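# Close look at the chain arrangement
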Amino acid sequence: MANDKQTTQHAAHSIDMTPQEFRTLGYQAVDRVTDLLENMRNLPVAAPEGQRLLVDREMPVVGTSPAQLIDDAANLLFNHSTFNGHPRFWGYITSSATPMGALGDLLAAAVNANVGSAQLGPIASEIEQQTIRWIADLIGYPGTEGILLSGGNMANMCALWAARRNKVGEHIRKEGIAAEKKLRVYASREVHTWLEKATDLSGLGTTAIRYIPTDEQGRLDTQRLREQIVRDLQDGDRPFMVVGTAGTVSTGAIDPLSKIAAMCQEFDLWFHIDGAYGALAAMLPEYETILRQGMRDADSIAIDPHKWLYAPLEAGCLLVRETSHLKEAFSFHPSYYRFEDNHRNALPNYYEYGPQNSRGFRALKIWLALQHIGRTGYTSLLRENISLARILYAEIAAHPALQACSYNLSIATCRYIPAGLVPGDEQTEAYLNELNEALLKKIQNGGEFFISNAVIDRRFVLRACIVNFRTTLEDVRAFPDTVARYGAALDTQMRPKHLSNR
Ligand SMILES: *Cc1c(COP(=O)(O)O)cnc(C)c1O
């Protein structure tokens, strides 16, 4: 009897599902997701910092009812998440996600193609290649090949590995960097932290990075870049790569890409553009001169579909000018793979294009949304985000308690300055930094808006980055008063005596 019961229980939760079971559970999950999407605006954008929820939960010894599990997971996720799809989520550079992408991920997971090789994922490889070409076409980049990766960090790192192989030489793959002169890579001080990880993990060490000063707009100073390259060459170092950023993570500044491109030409350096955030703005005619033109000459560009194409995480993309550049940097041919023999309509075997071996089907969610929304649709979505950020900046500038600090692309920054305080002297600035840092925490925990911060000229500023197709004008207009309200309450608690009567 005991044995029978065990068998029944096991059968009830067999790893595979009957068609009827899958259909019922699928509808259940989709119903829950539909409710979430419908109600998201009314939920707190972020759950306040709280207790851990799963400490008492142990791995079940026998299986659990799948219907119960889906409800349990939905309850946990819908009640305790930071919703980057919420109309008032403007933190970091994290976008709202297309519902089309969620459905795409379901399809992709069901087929479970391994997009490491064209044999294992024939249609998936073709879709990935087409997605990459469409992205290149959207921004007017002449290269047609690339690879999808987990995000901007991996796309940028792969560019560094491709640059090292291409500019230093084939031998680097075998001999490593030990026998090399000191390799040098150049980027502005505002470059994203991926470069630290990449130089560290590549064995170059972070001192390989030459941080070039920026102008008052946060853009790389090309005169200082030239001086540094010349100095390093005189010292016997080996410059190999310059990174230009198209939309810095703090303020959205765009480096002078055309000038950098010319300098890379002159010194025979790899020109990489980190456009994880901003490169997609090149689809707008108003960015022709500052983005699109300079991007044409890049050897590689990193772009995040999970930022301004609103793809669900994870989706980064690396584009290269020459098809061979990725294969040369990443391909090995072990005896247990015979993929080359298959020649599947000359489709890429993507395991040769990057560091991954088995690869998931990241392209589908992007490919579907590109077709669903279309070029014109994407153009107006980006333009709308940019316009909302500009309006936000103007509303901030018009508010008596807020100082507008910077605006670029879809990023506006500001800080709260209580009435009676005049910024500038050291003590006041120190207090303003402390106050605005506390204010950020208050706002993040308040559940009304989610923003992050930047540090500009040692000033701690609040930063809103709108990469969100749900944000409306009303959301933007509600922001300044909310910040001022939280700010005034904090100032009453925090202001030190010596700053009180001015
Ligand atoms: C977001 C971002 C990155 C990192 O991308 P992930 O997708 O978070 O890995 C790198 N550079 C820039 C400019 C970015 O905006």
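Residues numbered from 1 in each chain as written. Predicted model: local features only at pLDDT ≥ 70, side-chain atom pairs only at ≥ 80, totals over all residues. Heavy atoms only, no water.

## Comments concerning the pattern of salt bridges
Between side chains of opposite charge, a pair can form when the charged atoms approach closely. Operational definition: Salt bridge, as used here: a side-chain nitrogen of Lys or Arg that lies within 4 Å of a carboxyl oxygen of Asp or Glu. For the purposes of this entry, the term helix denotes a DSSP run of H or I that reaches at least four residues, the term strand denotes a run of E that reaches at least two, and both are numbered from the N terminus.
Scanning the model with the defined rule gives 24 salt bridges in all. E266 serves as the salt-bridge partner of R226, at 2.8 Å between the closest nitrogen and oxygen. Within this pair, whereas R226 is found in helix 9 (residues 222–234), its partner E266 is found in helix 10 (residues 257–267), the two being separated by 40 residues in sequence. With its nearest N and O atoms 2.9 Å apart, the salt bridge here joins E429 to R415. In this pair, E429 is assigned in helix 15 (residues 426–446) and R415 in strand 9 (residues 411–416), connecting sequence segments 14 residues apart.

## Comments concerning the pairing of strand 11 (residues 459–465)
Filter applied, for reference: Note on classification: 1.4 Å probe, protein chains only; a residue is buried when its accessible area is under 20% of the maximum for its type, exposed when over 50%, partly exposed between these limits. Should DSSP find at least two bridges between two strands, the strands are taken to pair.
The buried count for strand 11 comes to seven of seven residues, which makes it a mostly enclosed element. Of the two faces of strand 11, the one lined by R459, V461, R463 and C465 and the one lined by F460, L462 and A464 are each fully buried. Relative to strand 11, strand 9 is paired through four bridges, and the arrangement is antiparallel. Of the residues in strand 11, the one forming a bridge with I411 is C465. Bridge count between strand 10 (residues 452–456) and strand 11: five bridges; the pairing is antiparallel. Looking across to strand 11, one finds that S452 is bridged to R463. Between strand 10 and the antiparallel strand that follows it, strand 11, lie two residues; D457 among them carries a positive phi value of about 50°.

## Some words on the packing of aromatic side chains
Each aromatic ring pair is summarised here by two numbers: the centre-to-centre distance and the angle between the ring planes. To keep it simple, the criterion reads: For Phe, Tyr and Trp, rings pair up if their centres lie within 6.5 Å, where Trp contributes its six-membered ring, and each pair is then called stacked (planes under 30 degrees apart), edge-to-face (over 60) or tilted (otherwise). For a lysine, the NZ atom is tested; for an arginine, the CZ atom; a charge sits over a ring if that atom is within 6 Å of the ring centre and within 35 degrees of the ring normal.
Tallied over the entire structure, the rule returns 16 aromatic pairs. Measuring from ring centre to ring centre gives 6.3 Å for W134 and W367, while their planes differ by 5°; the resulting arrangement is stacked. Linking W134 in helix 5 (residues 122–139) with W367 in helix 14 (residues 363–398), this pair joins segments that are 233 residues apart in sequence. On the accessibility criterion, W367 (19% relative accessible area) is buried. Relative to F479, the ring of F449 has its centre 5.2 Å away and its plane inclined at 80°; by these criteria the two rings are edge-to-face. Residue F449 is found in the loop between helix 15 and strand 10, and its partner F479 is found in helix 16 (residues 473–494); the two are separated by 30 residues along the sequence. You can call F449 buried: its relative accessible area is 1%. When its relative accessible area of 2% is taken as the criterion, F479 is described as buried. Taken together, Y336, Y337, F339 and Y351 form an aromatic cluster joined through their ring pairs. Positioned above the aromatic ring of F332 is the side chain of R173, whose terminal nitrogen or guanidinium carbon lies 4.3 Å from the ring centre. Here the basic side chain of R485 rests over the ring of Y486, its NZ or CZ set 5.4 Å away from the ring centre.

## Quick look at the pairing of strand 2 (residues 183–188)
Here is the rule we go by: Whether a crossover is right-handed depends on one test, that the path from the first strand over the helix to the second runs clockwise when the strands point away from the viewer.
Burial runs high along strand 2: six of the six residues are buried. Of the two faces of strand 2, the one holding L183, V185 and A187 and the one holding R184, Y186 and S188 are both buried throughout. When strand 2 meets strand 4 (residues 238–245), the two strands line up parallel, connected through four bridges. Bridging across to strand 4, V185 finds its partner in M241. In terms of strand pairing, strand 2 meets strand 3 (residues 209–212) through four bridges, oriented parallel. By the bridge assignment for strand 3, S188 is matched with I212. Read as a crossover between parallel neighbours, the route from strand 2 over helix 8 (residues 194–201) to strand 3 is right-handed.

## A word on the confidence of the model for the protein
Convention followed: Within a predicted model, pLDDT stands for the predictor's per-residue confidence, ranging from 0 to 100. A contact between two residues is defined here by any heavy atoms of the two lying within 4.5 Å.
Averaged over all residues, the pLDDT of the protein equals 95, while 96% of them reach at least 70. Of the regions scoring below 50 in pLDDT, residues 1–11 engages in one contact with residues more than four places distant in sequence or in other chains.

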